[in-house]
Structures are given as structure tokens and as C-alpha cells.
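# Structure at a glance
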Amino acid sequence: MVAAEVLKVKERVRKRPRLAWDVGPSEPEAQRALVVIGNEGASRHTSPPRRDDDREGHYVFNLGENLTPRYKILSKMGEGTFGRVLECWDRQTREYVAVKVVRSIRKYRDAAMIEVDILQHLSKNDKDSASRCVQIRNWFDYRNHICIVFEKLGPSLFDFLKRNKYCPFPVDLVREFGRQLLESVACLGWSYPCDLWSVGCILVELCSGEALFQTHENLEHLAMMERVLGPLPEHMIRKAKRGAEKYFRRGTRVNWPEGAVSRESIRAVKKLDRLKNMVSQPIGLIDLLHGLLKYEPSERLTAHEALDHTFFKNPT
């Protein structure tokens, strides 16, 4: 999200459970995919027998099976909260595609249909892919799983970081990646501040090699944010909903370290540094990151404002 304790902290930093979509197929799976393609002419195009989903609602499959008569499953590309991504062979277009198979749970199905609407809207208004947004090819409902077919892209930036032993990217590459991210977020006037916060976290990871807030525990996350960005504004703490009151002390500050679940959690927070010390890059980048990582959403930079920042205008 040291002796033995140092090892635990290192493992904590390296774990990337929320980026499991980035996990590529293993070598045996890739080899089996070649066999599947080689035997394509002899295979039947029928769907496999019905079988129960797993206990988390994921679709259960075997390599070489069909996902409708059109798509043949070649490998598992990754897995995440919403479902799994499968590499498939599209018999109709004769190309490799990535199919996101969403879990058969109502809230994830509903979210997937919103995703389909947004992707189709983007595709309709961005026929030349100028926004660099991922392109939807098709979607269908298969055995209570929403399946979204995407173009199959190359390795992710996280894959590259991992293979490069988490070495930071040069600042010129960070600048170009940042520009492309912001141009995509700015397409059709998208203006959700939470997405600009995400862009800021991604840029920190690209130029430091480390995930910014590597935790799934809410109080620890808040403590990490304060460690890196300074205290949360009191007016935001006072507006916290009842369910979040347990994270704050007397309604004025984060309940840390008093509320920490473990010493390991306290050490994980202490390990972090101020943002300006974490990113040894030009002052312009530090200023941009502070603008993207403002606590108050209304004060956070928009995508268009970020693109006008001096970090992109004066690359020195």
C-alpha cells in the first residue's frame, strides 16, 4: 500500500496489490498461448460448460476456452478489484485484445456499465485517439459478467519501473508522461479533483521510484499524507462525517500515533519525508506537485491549469 523488521518495511513498499492489473502472463501461459493459436483451425468455437464463479464473483476459466464464440482466451494479463483482464484472440478482427471480465456482483456490474458509457463517449468524440485514452472495441454481457474489450497495449509504466529495479525516470520523461496524462484527463473537460490528486501521486512515483502512500489502512494513510504534505486543515477535519470521526482527535487533528494499529505502522509513516525532500527535481516540478496534491479539492489545480504550469512551459 527491519533486521526482520527492515525486511517487512521493504516488502510493504514493494507490494502493489492495487496495481495487480499490471501483472503479465507467466512464461508457461505465454507458451500455452502459442499452442492455442497453432491449433486454432482445429478448435471448436463453442462456449465451455457452465461452471460456478469463485467465491469473490470472478469468472472461472481455462486457457484455450472461448469467451463467446468470437474470443479465445490465451492468457491472464492481470487481476484487480473489479475483475480480471484476459488476453484473447478476436476471431472476427484477427487481432489480440484485452478483455476486462468484471465480477458478477451488482455494484461492480453497475460501475462497469458507467465505464462503458464513458468509454463509448470518448471513442465517439476522439476518433483519432488524440487524447491518448484507451480505446474500447466492444462490450457484452456473458454469464452475468460484463466484458469490456480493449485494444491490447504494451507494458505499463509500473512494469518498466519494476524491471528497472524501481529506478526513477529522468525528469524529461516525467515531464512528457505528465503532459500526456493531463491531456487525457482534460479530454471533454473532465474535472474531478480526485483524478488530479491521482496524477500527482503517479508523478511522484515516476520521479522517485516509490509509491507515495503505500497502505490500505485509512488512519495510516491520513498520517502518511500529513507526513508528506503537512497537517490537514482543521476546517476539513471538522466537516468529517460521523463514520470518520474515529480517525480524528477532539475534532482538530489526526489521531496519530495514538490510534496506530501497530509499531510497524508507525515506522512506515516515519520512514516518509516531506514532499520537497522526496523529489530531487526542478523547483517547477515541486510546485506543480503541491498544486496537484492540495488537500482542499476546490484549491487543487485543474488539468488545464496544470498543463499551463511553468514545469511544462519552461523545461529547464
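This text follows the structure it describes.
Everything quoted here is computed from the prediction, not taken from an experiment. (Residues numbered from 1 in each chain as written. Predicted model: local features only at pLDDT ≥ 70, side-chain atom pairs only at ≥ 80, totals over all residues. Heavy atoms only, no water.)

## Thoughts on the overall build of the chain
Definition in use: Secondary structure elements follow DSSP: runs of H or I of four or more residues count as helices, runs of E of two or more count as strands, with numbering from the N terminus. With a 1.4 Å probe rolled over the protein chains alone, any residue whose accessible area is under 20% of its type maximum counts as buried; one over 50% counts as exposed, and the rest are partly exposed. Surface accessibility in these figures is a Shrake-Rupley result with a 1.4 Å probe; residues are shielded only by whichever protein chains are displayed.
Per the secondary structure count, the chain includes 13 helices and eight strands. A buried classification covers 43% of the 316 residues belonging to the chain. Roughly 17900 Å² of accessible area belongs to the chain as shown, and the carbon and sulfur atoms make up 53% of that amount.

## What about helix α9 (residues 263–270)?
Cut-off, in case you're wondering: Working definition: the arc comes from the directions between the helix axis and the C-beta atoms, pointing outward to the latter.
Residues Ser 265, Ala 268 and Val 269 constitute the buried set of α9. When α9 is viewed along its axis, its buried side chains cluster within an angular range of 95° and face the same direction. Facing away from the buried side of α9, by more than 90 degrees, are the exposed residues Arg 263 and Lys 270.

## As for helix α5 (residues 171–186)
Quick reminder of the rule: Helix span is expected to be 1.5 Å times the residue number reduced by one. Every residue pair with non-hydrogen atoms within 4.5 Å of one another is taken to be in contact.
A rise of 1.5 Å per residue sets the reference length of α5, with its 16 residues, at 22 Å; its end C-alpha atoms lie 22 Å apart and thus fit the reference within 8%. For α5, the full list of buried residues reads Val 174, Arg 175, Gly 178, Leu 182, Ser 184, Val 185 and Ala 186. In this fold, the buried residues of α5 make contact with α6 (193–208), α12 (303–307) and α13 (310–313). Looking one or two residues beyond α5, the residue adopting positive phi is Leu 188, at roughly 60°.

## Quick notes on the layout of surface pockets
Any space left empty among the atoms is revealed by the rolling of a water-sized probe across them. Convention followed: In this analysis the probe radius is 1.4 Å and the grid spacing 1 Å, with only protein atoms considered; a cavity is a set of points the probe fits into but cannot get out of, a pocket is an open set with protein on both sides within 12 Å along at least five of seven lines, and lining residues have an atom within 4 Å of a point. Grid points are joined across faces, edges and corners, and a volume is the space filled by probe spheres set on the points. Side-chain classes follow a simple rule in which Ala, Val, Leu, Ile, Met, Phe, Trp, Tyr, Cys and Pro form the nonpolar group, Asp, Glu, Lys and Arg form the charged group, and the remainder, Gly included, forms the polar group.
Considering only enclosed or pocket space, the second largest pocket measures out at about 440 Å³ in volume. Within the residue set of the lining of the second largest pocket, elements represented by two or more residues are α6, α7 (218–229) and α8 (234–238). Here the element with the most residues in the lining of the second largest pocket is α7; it accounts for four residues. A per-class count over the lining of the second largest pocket returns 14 nonpolar, two polar and one charged.

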